Amino acid sequence: MQSPKLDSINDKMHELVWGARQPEAALVSIGNFTDNWGDDYLFLLSTAESTLRNSSFWPRTLFVSIHFASCYLSLRYEAWKTQAGIDNRETKQILAEISLRSELLIWWTFIEDEAFILSDRVSDPQKTFFELTLGSRSPAGIAAEFPELQDWYHDFKLSLEAVRQEQVDQEHWPVWILIAVHFISFYVDLLNQRVGLNTPDLKQMPEVELVLKQLAGLPLMPEVVSLIRLWLHTIEVPRDRSGLPAIGTLRQRENVSVSPRTLCEVFLQTGNL
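Model, not experiment: these values are computed from the prediction.

Engineer: Please set out the environment of lysine 92 residue by residue, giving values where relevant.
Structural biologist: Following the sequence through the fold, lysine 92 ends up in helix α6 (residues 89-112). Through-space distance from the C-alpha of lysine 92 to that of tyrosine 77 is 8.3 Å; in sequence the pair is 15 residues apart. In this view, lysine 92 contacts Tyr77 and Asp87; residues no more than four positions away in its chain are not counted.

This is the structure:
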């Protein structure tokens with residue numbers, strides 16, 4: 001599973017996202033990136049794209065860096081905006097580009113990995129996990145207030161633990177598993193936290209439509225593809241306190257089911273539950 005190219009990309013991405021140049025502090029304190037951080041991240045992502053898209057196994061820590069840049073940096077910026085009471089158009093544009101490029105890379109990697117996902121190398125626990133996250137049993141097809149979601153969450157925790165046990169002490173994971181957890185943590189949480197998500201005036205982007213067309217040809221639940229479409233088309237929408245696009249309205253607290261976010265994030269960050 002070891003790959004010198006992947007390990008080199010992992011080291012560079014880790015230093016950029018978590019090292020001395022990490023962008024969190026600047027986003028929270030001044031609402032901006034320093035030292036051309038955004039440009040450097042996008043350049044590294046672009047130069048690494050070919051290697052990443054053709055790799056069925058990624059270092060878990062590499063995926064976490066991209067996941068964090070895509071989903072959490074905008075949340076840090078929104079914290080500054082709320083405190084400062086002003087907006088920074090340039091930062092917003094860079095953040096949108098970071099999220100879009102990161103998400104497109106993630107889903108293109110998933111598409112390129114189709115042959116592996118459908119191969120005999122996928123274990124029975126992994127097949128179950130696929131069905132629970134992206135396949136016929138995905139929560140993307142379950143309304144958040146229904147008790148079925150609680151049953152799904154129970155099965156999801158057991159399934160995630162089963163695939164984790166298969167990868168104990170492994171630094172390189174089947175990347176589609178990490179992508180599935182990414183999807184559950186943020187995309188599905190949008191359905192759990194917000195209602196009224198019909199947004200007919202979303203910005204149309206040809207590169208997004210191309211990805212969606214490819215995803216629609218895979219054995220994914222149709223509602224999964226619809227949710228990916230919604231997420232990608234709302235990249236430029238301001239985020240709420242949960243890091244979700246602020247579309248529709250928040251659900252009443254009594255109608256919000258247990259979120260899988262915490263479980264997913266602990267798993268991605270540590271490899272444990």
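Now that the structure is up, let's keep going.
Engineer: Give a description of the packing of helix α4 (residues 60-71) against helix α5 (residues 73-84) that names residues and reports values.
Structural biologist: Interhelical geometry of α4 versus α5 gives an angle of 35° and a closest axis separation of 4 Å. Where α4 approaches α5, its residues Phe68, Ala69, Ser70 and Cys71 are matched on the opposing element by Leu73, Ser74, Leu75 and Arg76. Its residues assigned to classes, the contact of α4 with α5 comprises 5 nonpolar, 2 polar and 1 charged.

Engineer: Before we move on, could you go through the environment of leucine 273 and cite the residues and values that matter?
Structural biologist: Tracing the backbone shows leucine 273 in the segment after α13 (261-270). Each C-alpha atom, one on leucine 273 and one on glutamate 161, is 7.3 Å from the other, the two residues being 112 residues apart in sequence. Those residues in contact with leucine 273, other than ones at most four positions away along the chain, are Lys157, Leu160, Glu161, Arg164, Leu263, Val266 and Phe267.

Engineer: Let's hear about the pattern of salt bridges: which residues, and what values?
Structural biologist: Scanning the entire structure with this criterion turns up 11 salt bridges. Of the charged contacts, one joins arginine 53 and glutamate 49 as a salt bridge, the two residues approaching to 3.2 Å between their closest N and O atoms. Taken together, the positions of arginine 53 and glutamate 49, both in helix α3 (residues 37-53) and 4 residues apart, correspond to about one turn of that helix. Residue class for arginine 53 comes out partly exposed when judged on its relative accessible area of 21%. Residue glutamate 78 pairs with lysine 81 through a salt bridge whose shortest N-O separation is 3.1 Å. Placement of both glutamate 78 and lysine 81 in helix α5 is noted, with a separation of 3 residues, approximately one turn of the helix. Glutamate 78 gets classed as buried once you look at its relative accessible area, which sits at 10%. A residue is classified by how much of its surface remains accessible, and lysine 81, at 18% relative accessible area, is buried.

Each value, and the rule that gives it
Residues numbered from 1 in each chain as written. Predicted model: local features only at pLDDT ≥ 70, side-chain atom pairs only at ≥ 80, totals over all residues. Heavy atoms only, no water. Helix = DSSP H or I, 4+ residues; strand = E, 2+ residues; numbered from the N terminus. Contact = heavy atoms within 4.5 Å. Axes fitted to C-alpha atoms, helices over the stretch in contact; angles between N-to-C directions. Nonpolar A, V, L, I, M, F, W, Y, C, P; charged D, E, K, R; others polar. Salt bridge = Lys/Arg side-chain N within 4 Å of Asp/Glu carboxyl O. Buried < 20%, exposed > 50% of the residue type's maximum accessible area, 1.4 Å probe, protein only.

The values are spatial; any link to function lies outside them.
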